[in-house]
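Survey of secondary and tertiary structure
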Amino acid sequence: MLRHSIAFSFFVAIALLFFGLDRVAADNIATLRGPAPLIEQEEAPRMMPFNNNDIREVRNYPEQPPVIPHKTDGYIVDLNSNKCLSCHARSRTGESQAPMVSITHFMDRDGQFRASVSPRRYFCSQCHVSQREVKPLVENSFIDVDTLLLERAKQQ
Amino acid sequence: MLNFLRRYWQALVRPSTSISLGVLTIGGFVAGIIFWGGFNTALEVTNTEAFCTSCHEMRDNVFVELQTTIHFTNRSGVRATCPDCHVPHEWTRKIARKMQASKEVWGHLFGTIDTREKFEEKRIDLAIHEWTRLKANDSLECRNCHSDESMDITRQSVRAAESHERFLFTGEKTCIDCHKGIAHRLPDMSQVPGWQ
């Protein structure tokens, strides 16, 4: 009896396994990697060039780190040097006419304002990134606060 | 034996008494060509990337760094090799630089930068040498390829065009003033003006 039940559950497990795999393939679950089966690799989408027109983008919300409106390929930011700061540092903005690094970046974790960029804000590309014109991988229904308030006002 | 040596010595000191003038002239001419050609060939061999990267100091440090930059890999496949930027192209200056380079042979033999740590420690000095040289000759080695006349700033980004108009074409700055660290990684820049 026992042996019989083990054989039966084994059979069920196998059946479930096959059925399950079949379901995954049939469902075409939308993932970032596309509908290709796990063992296959889809052709990568073509890479678009970086936006490089130096025109500042509007922030979607006040706290958003502004995006970079130019190319940054080959910009090195490490212990030895910071390419971004060679234009955006306070002392460099006269020659470069680039916007100065925000004063909030001078603040250390104790709320003290330092003479220059605080180490915790040193790695620019942690928050600020160059942009490419591409179709978003995931649809986004974000509405900025001004639009939201306007719609609210209209409804009332 | 002694007699033979004496005759040999005589021919060496006063060749025109034992060898005809014609042979001397033509022989001297041919020997001159061979020597001069050989000298220049040897000089050009030391002016190749294969020669530069035959030492591990160059191959494992600066050459690897160059490979990720636009001067090694780019859309059109034109590239700069070590001597294009680091050796003057004009003959007399080239010889002057080659004589200076004897110090680099010394450095190689005595292992001045034979480990990564030693190289990193020396990087600022090496970089300053090159910046000083390019500053002094108005970035001549850059301008061997990048000329003011052929630079079409309408095809540059706005930012680049404005900077070149303001600083390069007015002669206020030269290439190396802004374009440091474009082919190799930078040393500690905290003491370098214009850097953080």
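Scroll up a little and you will see the structure.
Below is a short write-up of the structure. (Residues numbered from 1 in each chain as written. Chains lettered and ligands numbered in written order. Predicted model: local features only at pLDDT ≥ 70, side-chain atom pairs only at ≥ 80, totals over all residues. Heavy atoms only, no water.)

1. Considerations on the overall build of chain B
For chain B, the count of helices and strands is 11 helices and 0 strands. Each helix and strand of chain B, placed in order from N terminus to C terminus, yields the pattern α-α-α-α-α-α-α-α-α-α-α. In terms of C-alpha radius of gyration, chain B reaches 24 Å, well past the compact-globule figure of 16 Å for 196 residues. In terms of overall dimensions, chain B has C-alpha extents of about 80 × 40 × 30 Å along its principal axes. Out of the 196 residues in chain B, the part that is buried amounts to 26%. Total accessible area on chain B is roughly 13,700 Å²; 63% of this is exposed by carbon and sulfur atoms. (Helix = DSSP H or I, 4+ residues; strand = E, 2+ residues; numbered from the N terminus. Rg over C-alpha atoms; globule rule 2.2 N^0.38 Å. Buried < 20%, exposed > 50% of the residue type's maximum accessible area, 1.4 Å probe, protein only. Areas by Shrake-Rupley, 256 points an atom, 1.4 Å probe, with all protein chains shown as cover.)

2. Digging into the overall build of chain A
Across its full length, chain A carries 4 helices and 0 strands. In chain A, the order of α-helices and β-strands from amino to carboxyl end is α-α-α-α. Looking at the 156 residues of chain A, the share that counts as buried comes to 17%. For chain A, the proportion of contacts with a sequence separation of at least 24, taken over those separated by at least 6, is 38%. When the accessible area of chain A is evaluated, it comes to approximately 13,300 Å², of which 60% is carbon and sulfur surface. (Contact = heavy atoms within 4.5 Å.)

3. Considerations on the environment of L137 of chain A
Along the chain, L137 of chain A turns up in the loop between α3 (93-96) and α4 (145-155). Put simply, L137 of chain A and T31 of chain A are 106 residues apart on the chain and 9.1 Å apart in space, counted from C-alpha to C-alpha.

4. Considerations on the pattern of salt bridges
Summed over all chains, the structure comprises 21 salt bridges over all chains. With a closest N to O distance of 3.1 Å, D78 of chain A and R185 of chain B form a salt bridge. Residue D78 of chain A is found in the loop between α1 (2-27) and α2 (85-88), and its partner R185 of chain B is found in the segment after α11 (175-178); the two belong to separate chains. Judged by its relative accessible area of 19%, D78 of chain A is buried. Take R185 of chain B: its relative accessible area is 38%, and that puts it in the partly exposed class. Here D125 of chain B and K122 of chain B are joined by a salt bridge, their closest N and O atoms 3.8 Å apart. Taken as a pair, D125 of chain B and K122 of chain B lie in helix α8 (residues 116-136) at a separation of 3 residues, close to a single helical turn. Look at D125 of chain B and you get partly exposed, because its relative accessible area is 35%. Overall, K122 of chain B belongs to the partly exposed group, its relative accessible area being 28%. A single salt-bridge network, built from bridges that share partners, covers E65, R116, E120 and R123 of chain B. (Salt bridge = Lys/Arg side-chain N within 4 Å of Asp/Glu carboxyl O.)

5. Describing the side chain of R97 of chain B
Looking at where R97 of chain B falls in the secondary structure, it is placed in helix α6 (residues 91-100). Side chain to side chain, R97 of chain B and E104 of chain B meet in a polar contact 2.9 Å long. (Polar contact = N/O pair within 3.5 Å; in protein donor to acceptor, adjacent residues only side chain to side chain.)

6. Comments concerning the packing of aromatic side chains
What describes a pair of aromatic rings is the distance from one ring centre to the other and the angle between the planes of the rings. All names here are of chain B. By the definition in use, this model includes 8 aromatic pairs over all chains. Arranged with centres 5.7 Å apart and planes meeting at 45 degrees, the rings of W36 and W91 form a pair that is tilted. In this pair, W36 is assigned in helix α2 (residues 21-45) and W91 in helix α6, connecting sequence segments 55 residues apart. Linked through ring pairs, F35, W36, F39 and W91 together constitute an aromatic cluster. (Phe/Tyr/Trp six-rings, centres within 6.5 Å; stacked < 30°, edge-to-face > 60°.)

7. Considerations on α8 of chain B
All names here are of chain B. The terminal C-alpha atoms of α8 lie 29 Å apart, and with 21 residues this matches the ideal 30 Å at 1.5 Å per residue to within 8%. Along α8, the residues classified as buried are F119, R123, A127, E130, W131, R133 and L134. For α8, the elements touching its buried residues are α4 (56-66), α5 (82-86), α6, α9 (140-143) and α11. One or two positions beyond α8, positive phi appears at D138, with a value near 55 degrees. (Expected span 1.5 Å × (residues − 1).)

8. Points about a nonpolar patch on the surface
All names here are of chain B. Taken together, M1, F4, L5, Y8, W9, L12 and V13 make up a surface patch of nonpolar side chains, about 870 Å² in accessible area. Here Y8 is to be found in helix α1 (residues 2-13). Residue Y8 is classed as exposed on the basis of its relative accessible area, which comes to 52%. (Patch = residues over 30% accessible without salt bridge, like charges linked within 9 Å, V, L, I, M, F, W, Y side chains within 5 Å.)

9. Some points on the nonpolar core
In terms of nonpolar packing, the biggest core is built from 8 residues, these being A127, W131, L134, I176, L186, M189, V192 and W195 of chain B. The dominant element in this core, judged by the number of residues it contributes, is α8 of chain B, at 3 residues. Formed by 6 residues, the second largest nonpolar core is a distinct cluster that contains A89, F106, V117 and Y122 of chain A. (Core = buried A, V, L, I, M, F, W, Y, C linked by side-chain atoms within 4.5 Å.)

10. A short note on unusual backbone geometry
Although it is not a glycine, D54 of chain A adopts a positive phi angle of roughly 60 degrees. Along the chain, D54 of chain A falls in the loop between α1 and α2. D54 of chain A sits in the partly exposed class, given a relative accessible area of 24%. The phi dihedral of D138 of chain B falls on the positive side, at around 55 degrees, and the residue is not glycine.

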